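The primary structure of each chain is shown beneath.
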Amino acid sequence: MPWLDCNSRRVHYELAGPPSGPAYVLVNGLTQYVRLWHPFRDALVAKGFQVASFDMLGQGQSDKPSLFIHQDDQVKVLGSLIEKLGNRPIFIAGISFGGVVALRYAIDHGDRIAGLVPMSSFAEIPAQLFMFGAALRTGLVLGGTSFLQDLLFPMNFSGEWLEKMQHLIELARHRGWLANDVYALQNLMESFLEFEPLTEQLPAIRVPTMILTGEYDFLTPRPLQESLRVHIPDSALVIIQRAYHAFTLEKPALTAYLVTRFAEDVMSGRWRGNGTIWVAPEDVGGELTRFPEGFDHMRAIPVRIEADELAPLQTAAAP
Amino acid sequence: MKPFLGPLENGRIPALQQTRVSAFLMSAHGALAGQLGVALPASLHHGWQVEMHSQYCREMEILSLLGRATSWIPDPAIGLMIWQWQLAWVPRQISGVADRMQGTLIDIAAFGHALHAVIRPAALLPEGYPDADPFALAMRRIEFESGRLMQAQILFLKGPQLVPVRDAVASAVERRHAQIRELWQNMLHSIEVDMSGRHHLVPAYQAPAQPTAAIATQPSVAIREP
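Note that the structure is a prediction, hence the values are computed from the model and not measured.

Reading the values: rules and limits
Residues numbered from 1 in each chain as written. Chains lettered and ligands numbered in written order. Predicted model: local features only at pLDDT ≥ 70, side-chain atom pairs only at ≥ 80, totals over all residues. Pairing = 2+ DSSP bridges. Helix = DSSP H or I, 4+ residues; strand = E, 2+ residues; numbered from the N terminus. Contact = placed C-beta atoms within 7 Å. Axes fitted to C-alpha atoms, helices over the stretch in contact; angles between N-to-C directions. Parallel < 35°, antiparallel > 145°, perpendicular 65-115°, else oblique. Left-handed = near helix turned anticlockwise from the far one by under 90°.

(A) Looking closely at the sheet that holds strand β6 (residues 115-119) of chain A. Residues and elements named next belong to chain A. Reading across from one edge, β1-β2-β4-β3-β5-β6-β7-β8-β9-β10 is the order of the ten strands in this open sheet, with mixed pairing throughout. Strands at the two margins of the open sheet, each flanked by one partner only, are β1 (3-6) and β10 (289-290). Relative to strand β4 (residues 50-54), strand β2 (residues 9-16) is paired through four bridges, and the arrangement is antiparallel. Opposite Leu15, over in β4, you have Ala52 as the bridge partner. With respect to the sheet, helix α3 (residues 97-109) is in contact with β3 (23-27), β5 (90-95) and β6, its orientation differing from that of β5 by roughly 145°.

(B) A look at unusual backbone geometry. B:Gly6 connects to B:Pro7 through a cis peptide bond whose omega is 0°. Mapping B:Pro7 onto the fold places it in the segment before α1 (15-39). Backbone geometry places A:Arg242, a non-glycine residue, at a positive phi of 55°. Looking at the secondary structure, you find A:Arg242 in the loop between β8 (235-240) and α9 (247-250). Phi is positive for B:Glu192, close to 65°, though the residue is something other than glycine. Along the polypeptide, B:Glu192 turns up in the loop between α6 (166-190) and α7 (213-216).

(C) Structural context of the packing of helix α2 (residues 71-85) of chain A against α3(A). Residue and element names in this part refer to chain A. Direction vectors running N to C along α2 and α3 enclose 70°, while the axes themselves pass 9 Å from each other. As far as their axial angle goes, α3 and α2 are roughly perpendicular. α2 and α3 meet at a crossing whose hand is right-handed. Contacts between α2 and α3 pair Gln71, Gln74, Val75, Leu78 and Gly79 from the former with Val101, Arg104, Tyr105 and His109 from the latter.

Pasting the structure below:
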């Protein structure tokens, strides 16, 4: 089993796929561990990518610092793994909490990567997200990991998916509970509740960036992704239809299709982010469509944008 | 080695496994209760002492529960283990803290944190084990309560009064974590259990909605300006 050494701590990672050519590094969400990427990872490997994934400090099989976890250490771990992959096109895809670590890495070491995919991610913690985070932390402290999962399941997934998977939810909850330790999750959550906003540093990200967001994600809602789109120069925002927060788990094949295509477009020189806004296809292989011009992508109902509000959007989208 | 207790005997966790697990827990929680009992003044003057009193009572409850919910059997090998465990729980002076009393309090809190954080007795239960079994209920209750009990230690150890000696505190807690983890694992190995196996269980809902082969054949469409 491969391990990275980071400041005398052991970090568990996995590699799959060919050892040369382009690579993707996947960065976990809060309660995630590497095995949860497997369907997504396999789809990327089938397209010829090598895929690296790892348990952050405090997660899965990696060491779990007892009292303090610093975000800087997670960024260092990501950097160590990227160094291990050598010189070739490397893309990072991080979800939620993992997206923040990926953003931080891209701000400081953008020259090492070919592209970035923040998924359900954020660069600041406004009041709503802070209160969500604080409530989830209280839920963890008072009710344990199982209660945290009870809260997260309906936040992360659609009702349809939960209904379809109902027979497996109890087992899924148990497996998630087994893999996560309360103190380690608490340390991870606290490391994020104290974090400094990254918004002002986002323009330093010069690499192509595809921001993925779920149409119905209310845990990290659209304004958070919009902030990434507005501040990262070569970015595009892609809205995944009918998706909630954890679309890498609910729609692994579709998400893998989108990130694969992104990497291929970047490597072939076709990618033009330009702050554009797109709607993802519902199925693998479908077309991306531009968000209808003149309508406000921040709203849930089709609200026309007034002429004076349209100007900044057009500027952001100009090549 | 298996990731859970078992194989079951007559539908229950074997008495030897119950005895070893409960003996370990009674040794550790008993030691913590003893340390808290000594440190607790007869008359409470500070808010944190109320929390300490609550912890003391919870630890006593855990001891009483284990004594009654476990199917005990004579275990000749356990004497040496208990001696080793008891020796490990003795409070120690920690380096990097000049005030000896404060150093001892930090070590007691570090021991409590490690005990409540690292030891997950409910995670030993086989999947699908009957909820109504008293031993299983006791394991679940102890693990559940541990998550809450640990908060008092976290408040103290991460509190502003210990900021000047934060590195010493972090080392003391890491040392206690490593110590308890090793003793717990050794005890579990003696009953053929290795909890690291839990990380190799396949996540329950890991069935891709669409075959991955379909992805490989799809055309690539660029996000690009027309």
